[in-house]
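Each chain, letter by letter, is given below.
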Amino acid sequence: VLVNVTEREALLAAEQIRLNVLGLAMVHPQSIRRVVTVSIGLAHRSPDHAKTVADLMEEADIAVYEAKRRGRNRVCVPADTREAVTANVARTSGW
């Protein structure tokens, strides 16, 4: 849980975690894939859009399954904000 961050900042942090795990190049002995990766589902609550913890957990759960469906080793946010946030982060972080 990250507090006092924007959705963009949370997405950047999640992407950095994903890249750090990938950079470790840890071999998973019982996996079809040869290297351990991370799929992250991100949910965000802004001050002007109140959400319960249950709402956030549900959104993050949906997003992580979307990340896995899209090929794993990625960060996803709920569909209603994914394109805007991802495009903004990609533009400013050099993804």
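Caption draft 1: Summary view of the environment of K68. Tracing the backbone through its elements, the reader meets K68 in helix α2 (residues 53-69). We classify K68 as partly exposed; its relative accessible area is 35%.

Caption draft 2: Representation of the pattern of salt bridges within the structure. Tallied over the full model, the rule gives four salt bridges. K51 is paired through a salt bridge with E59; the nearest N and O atoms lie 3.0 Å apart. The exposure class assigned to K51 is partly exposed, which follows from its relative accessible area of 24%. Its relative accessible area of 21% is what places E59 among the partly exposed residues.

Caption draft 3: Structural view of the environment of P47. Along the chain, the position of P47 falls in the loop between β1 (40-41) and α2. On the accessibility criterion, P47 (87% relative accessible area) is exposed. Taking C-alpha positions, P47 is 9.8 Å from N4, a pair spaced 43 residues apart along the chain.

The rules behind the values
Residues numbered from 1 in each chain as written. Predicted model: local features only at pLDDT ≥ 70, side-chain atom pairs only at ≥ 80, totals over all residues. Heavy atoms only, no water. Helix = DSSP H or I, 4+ residues; strand = E, 2+ residues; numbered from the N terminus. Buried < 20%, exposed > 50% of the residue type's maximum accessible area, 1.4 Å probe, protein only. Salt bridge = Lys/Arg side-chain N within 4 Å of Asp/Glu carboxyl O.

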